[in-house]
Every structure is written in C-alpha cells, then in structure tokens.
Amino acid sequence: MRIRRDHAVYQCVAVVEVLTPNLTWTTLATEPRATWYPGTPEYADGVPLTDVADQLLARARTILAGLPNPGC
C-alpha cells in the first residue's frame, strides 16, 4: 500500500498493489484523491491518513477474499 499526500494534488495517491507471479506490480484498489485529499493537512505525521489506509486495506481484503487460491 502506498499513500502519498503532497501539496501538489496531482502527486497524491492512495493505492494497494500486489506482486504478480511475473514479478510485476498490479493495482488492486485505489482511493480517489477527491475523497480524502481535502480533509487532510498538507504536513502530517501520518495519523490523518489512517482512515484512508483502513479503507484501502478493507477493500483489498474483500477483493482478495473473492479470488481463488492458486495453491489449491
């Protein structure tokens, strides 16, 4: 998971990625900037972004729970 909050809106990102068997990163879930950017301070110690992280991880868990297990 990567969450980056910058003063330049276009550089902000909230994304969960997974490493594929081909060793490439694939986006699993994103959180649009418009839902979290306006409500977070420009310079923070990370605490204001925990809600964004929690939402992303919950979505990733839901997505992964629906995928078949390749080891079975």
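The structure we're discussing is the one just above.
Residues numbered from 1 in each chain as written. Predicted model: local features only at pLDDT ≥ 70, side-chain atom pairs only at ≥ 80, totals over all residues. Heavy atoms only, no water.

Novice: How would you explain the pattern of salt bridges if you had to name every residue and give the values?
Specialist: By the definition in use, this model includes 3 salt bridges. Notably, a salt bridge pairs Glu17 with Arg2, separated by 3.3 Å at the nearest N-O pair. Linking Glu17 in strand β2 (residues 13-19) with Arg2 in strand β1 (residues 2-4), this pair joins segments that are 15 residues apart in sequence. Looking at Arg2, the relative accessible area reads 43%, which means it is partly exposed. Two residues, Arg4 and Asp6, come together in a salt bridge whose shortest N-O distance is 2.9 Å. Judged by its relative accessible area of 41%, Arg4 falls in the partly exposed class. Its relative accessible area of 14% is what places Asp6 among the buried residues. (Salt bridge = Lys/Arg side-chain N within 4 Å of Asp/Glu carboxyl O. Helix = DSSP H or I, 4+ residues; strand = E, 2+ residues; numbered from the N terminus. Buried < 20%, exposed > 50% of the residue type's maximum accessible area, 1.4 Å probe, protein only.)

Novice: Which residues make up a nonpolar patch on the surface, and what values go with them?
Specialist: Together, Leu19, Leu23 and Trp25 make up a nonpolar patch on the protein surface, roughly 390 Å² of accessible area in all. Relative to the elements of secondary structure, Leu19 occurs in strand β2. On the accessibility criterion, Leu19 (45% relative accessible area) is partly exposed. (Patch = residues over 30% accessible without salt bridge, like charges linked within 9 Å, V, L, I, M, F, W, Y side chains within 5 Å. Areas by Shrake-Rupley, 256 points an atom, 1.4 Å probe, with all protein chains shown as cover.)

Novice: So, the pairing of β2: which residues are in play, and what are the values?
Specialist: Summarising the sheet, β1 and β2 pair through 3 bridges and their orientation is antiparallel. Looking at β2, one finds that Arg2 is bridged to Val15. Joining the antiparallel neighbours β2 and strand β3 (residues 25-30) is a turn of 5 residues, in which Leu23 adopts a positive phi near 60 degrees. (Pairing = 2+ DSSP bridges.)

Novice: Quick rundown of the nonpolar core? Include the residues and the values.
Specialist: Listed in full, the 11 residues of the largest apolar core are Cys12, Ala14, Val16, Leu28, Ala29, Trp36, Tyr37, Leu49, Val52, Leu56 and Ala60. The element best represented in this core is helix α2 (residues 50-65), accounting for 3 residues. For Ala29, the contacting residues outside a window of four places in its chain are Ala14, Val15, Val16, Leu56, Arg59 and Ile63. (Core = buried A, V, L, I, M, F, W, Y, C linked by side-chain atoms within 4.5 Å. Contact = heavy atoms within 4.5 Å.)

Novice: Lay out the environment of Thr30 with the relevant residues and their values.
Specialist: Inspection of the secondary structure assignment puts Thr30 in strand β3. The class for Thr30 is partly exposed, based on a relative accessible area of 44%. C-alpha of Thr30 to C-alpha of Ala60: the two residues are 30 residues apart in sequence and 9.2 Å apart in space. Those residues in contact with Thr30, other than ones at most four positions away along the chain, are Ala14, Val15, Leu56 and Arg59.

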